[in-house]
Amino acid sequence: MDITPFVDRRARLIARMGEGVAILPTATEKTRNRDTPYPYRADSYFHYLSGFPEPEGVLVLIAGNTPQSILFCRDRDPDKEIWDGYRYGPEGAKEAFGFDETYSISQLDEKLPELIANQPALWHSLGFEPEWDTRIGKALNAVRAQSRAGKRAPTAIHDLRAALDEMRLVKDSHEIALMRRAADIAAAGHRRAMRAAAPGRYEYEIEAEFLHEFRRQGSQFPAYTSIVASGPGACVLHYINNDRQMQDGELVLIDAGCELDGYASDITRTFPVNGRYSGPQRDVYQLVLDAQSAAIAAVKPGVHFMTPHEAALKVLAQGIIDLKLLQGSVDSVIESESYKRFYMHRTSHWLGMDVHDVGEYKTGDDWRILVPGMVLTIEPGCYIRPADDVPTAFHNIGVRIEDDALVTLNGCEILTTAAPKSVADVEAVMAEVKS
Ligand code: GLY
Ligand code: MN
Ligand code: MN
């Protein structure tokens, strides 16, 4: 494994801290049910700075004149390694991950007071994990108890996650390479799903196709719970049952992305179960696609986070009026928010290690300005539930189209273009298997 990106990020965080000591534990293992753990995934922040894959790791970073990067981790354990596999142990981890010092995790409570003593500031994110607040509080008190021996406890506490969120919001080249690959794998999964769809098949059969593709290409997990929503399910935003038999004449909406080495992709495609969009389906689909194109065209450095949403919304509002689903002008539909009956979510979120990635959406009162290296989704939709005032031809048409956009120097790069999207491309891919 190339440890350079992790060493580099630790150095950048230490520079950002200026002074003080940061304490960052990784995720704990969780039991799913009796003797069966959930698949383990490191904490995103911890992985970002260490690349260290084992549970029971704690990272301590010291800023100032003699910066230090220290890991506490599990000891080697021949008996446990027979059952659960190799452990690096402190010595192995020091060598493999480029730490200045490593210690056994069993020494953490004894060492913490020494490490924080006489440091001006402590970097820790209060409130996320109460047990760590308590543990760190005990270390602080242990230092305070030694005040007559000349030890001083840090007098400032800074939010470590907030500092890391700013870093994670702008991806480095190592992250961008992984996100490109995660996007390619997910796109291949969507192509396979399109080829596998047919009337009479079950949603989970299609899910099995893209999950197989994700794993076959080395992705460790789906990046989030996949949505395979046919017919009326497409209008349920968080539909995850994926157990319905798909019917001729329906659309199916698939929102699925994979995680590769800690990085997510997030793609939605909506296509006809039988391979051909009906007239009303095509009208709504093309409208969402046009809204998405407008939003993508708006992504560039210097605009704010909501600019793509506003661009998509204008197109959607006009289209919904043209389809006679709403009355009034574009401005009045937007002003009154009557469009929310058909489009109730926003167009974008940050994407990175977490599918809804970290990073503030506002700075002060203003929406964040986009800069190169940010990655955001562009995912407009239109969801038409059955209602007396809606022509039956539109009932249960739910469409979302979602791509992942990397902000570049003069616009954006869509990472997910390999997933077919135009009406012609989708129908052509689906026709290949039928011919
Ligand atoms: N897949 C989650 C989302 O699109 O936000
Ligand atoms: Mn998304
Ligand atoms: Mn999605």
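Everything that follows concerns the structure shown earlier in this document.
What you see is a predicted model, and the numbers here were worked out from it, not measured in a lab.

### Regarding the site of ligand 1
Around ligand 1, the neighbouring residues are Tyr-224, Asp-255, Asp-266, His-349, His-356, Glu-379 and Glu-402. The separation between an oxygen atom of ligand 1 and a polar side-chain atom of Glu-379 is 3.1 Å. Within the side chain of Glu-402, an N or O atom sits 3.2 Å from an oxygen atom of ligand 1. Surface burial for ligand 1 is 82%, taken as the share of its 200 Å² of free accessible area covered by protein chains. Judged by the proximity of its atoms to the pocket grid, ligand 1 belongs to the largest pocket. Split by residue class, the shell around ligand 1 holds 1 nonpolar, 2 polar and 4 charged.

### Focus on the packing of aromatic side chains
Following the criterion strictly, the structure yields 12 aromatic pairs and no others. Plain terms: the ring middles of Phe-52 and Phe-97 are 5.2 Å apart, the flat faces sit at 85 degrees to each other, and that makes the pair edge-to-face. Of this pair, Phe-52 sits in the loop between helix H2 (44-50) and strand E4 (58-63) while Phe-97 sits in helix H4 (residues 89-97), and the two are 45 residues apart along the sequence. In this pair, the class of Phe-52 matches that of Phe-97, namely buried. Ring geometry for Tyr-202 and Tyr-204: centres 5.2 Å apart, planes at 15 degrees, overall stacked. One aromatic cluster is present, built from ring pairs that chain together Phe-52, Tyr-86, Tyr-88 and Phe-97.

### Here's the deal with the sheet that holds strand E14 (residues 267-272)
Spatially, the 3 strands line up as an open sheet ordered E10-E11-E14, and their pairing is antiparallel. Strands at the two margins of the open sheet, each flanked by one partner only, are strand E10 (227-230) and E14. Each strand of the sheet is rotated relative to its neighbour by a mean of 10 degrees, with strand direction disregarded. Inspection of the sheet shows strand E11 (residues 251-256) paired to E14 by 6 bridges, in the antiparallel sense. Bridging from a neighbouring strand, Asp-255 pairs with Thr-268 of E14. Sheet strands touched by helix H8 (residues 173-196): E11 and E14. Its angle to E14, the strand with the most contacts, is close to 15 degrees.

### What about the environment of Tyr-204?
Residue position: Tyr-204 is located in helix H9 (residues 203-216). Assessed through its relative accessible area of 43%, Tyr-204 is described here as partly exposed. Distance in space between the C-alpha atoms of Tyr-204 and Ile-227 is 9.8 Å, their sequence separation being 23 residues. Contact partners of Tyr-204, with chain neighbours within four places excluded, come to Asn-242 and Asp-243.

### Considerations on the coordination of the manganese ion (ligand 2)
Ligation of the manganese ion (ligand 2) by protein atoms is provided by Asp-266 (OD), His-349 (NE2), Glu-379 (OE) and Glu-402 (OE), these donors lying 2.0 to 2.2 Å from the ion. Around the manganese ion (ligand 2) sit 6 donor atoms; with metal-centred angles ranging over 50 to 153 degrees, the donor geometry is irregular. Taken as a pair, the manganese ion (ligand 2) and the manganese ion (ligand 3) show a spacing of 3.3 Å, with Asp-266 coordinating each metal. Taken together, the residues Glu-379 in the loop between strand E17 (375-378) and strand E18 (381-384) and Glu-402 in the loop between strand E19 (397-400) and strand E20 (403-407) connect sequence positions 23 residues apart. Using a relative accessible area of 0% as the deciding quantity, one classes Glu-402 as buried.

Rules behind the numbers
- Residues numbered from 1 in each chain as written.
- Chains lettered and ligands numbered in written order.
- Predicted model: local features only at pLDDT ≥ 70, side-chain atom pairs only at ≥ 80, totals over all residues.
- Heavy atoms only, no water.
- Near = heavy atom within 4 Å.
- Polar contact = N/O pair within 3.5 Å; in protein donor to acceptor, adjacent residues only side chain to side chain.
- Areas by Shrake-Rupley, 256 points an atom, 1.4 Å probe, with all protein chains shown as cover.
- 1 Å grid on protein atoms, 1.4 Å probe; cavity = no way out; pocket = protein on both sides within 12 Å on 5 of 7 lines; lining within 4 Å.
- Sits in = over half its atoms within 2 Å of the grid points.
- Nonpolar A, V, L, I, M, F, W, Y, C, P; charged D, E, K, R; others polar.
- Phe/Tyr/Trp six-rings, centres within 6.5 Å; stacked < 30°, edge-to-face > 60°.
- Helix = DSSP H or I, 4+ residues; strand = E, 2+ residues; numbered from the N terminus.
- Buried < 20%, exposed > 50% of the residue type's maximum accessible area, 1.4 Å probe, protein only.
- Pairing = 2+ DSSP bridges.
- Axes fitted to C-alpha atoms, helices over the stretch in contact; angles between N-to-C directions.
- Contact = heavy atoms within 4.5 Å.
- Donors = N, O, S within 2.8 Å, 3.2 Å for Na, K, Ca; no water.
- Tetrahedral: all angles 85-135°; square planar, octahedral: opposite > 155°, others 65-115°.

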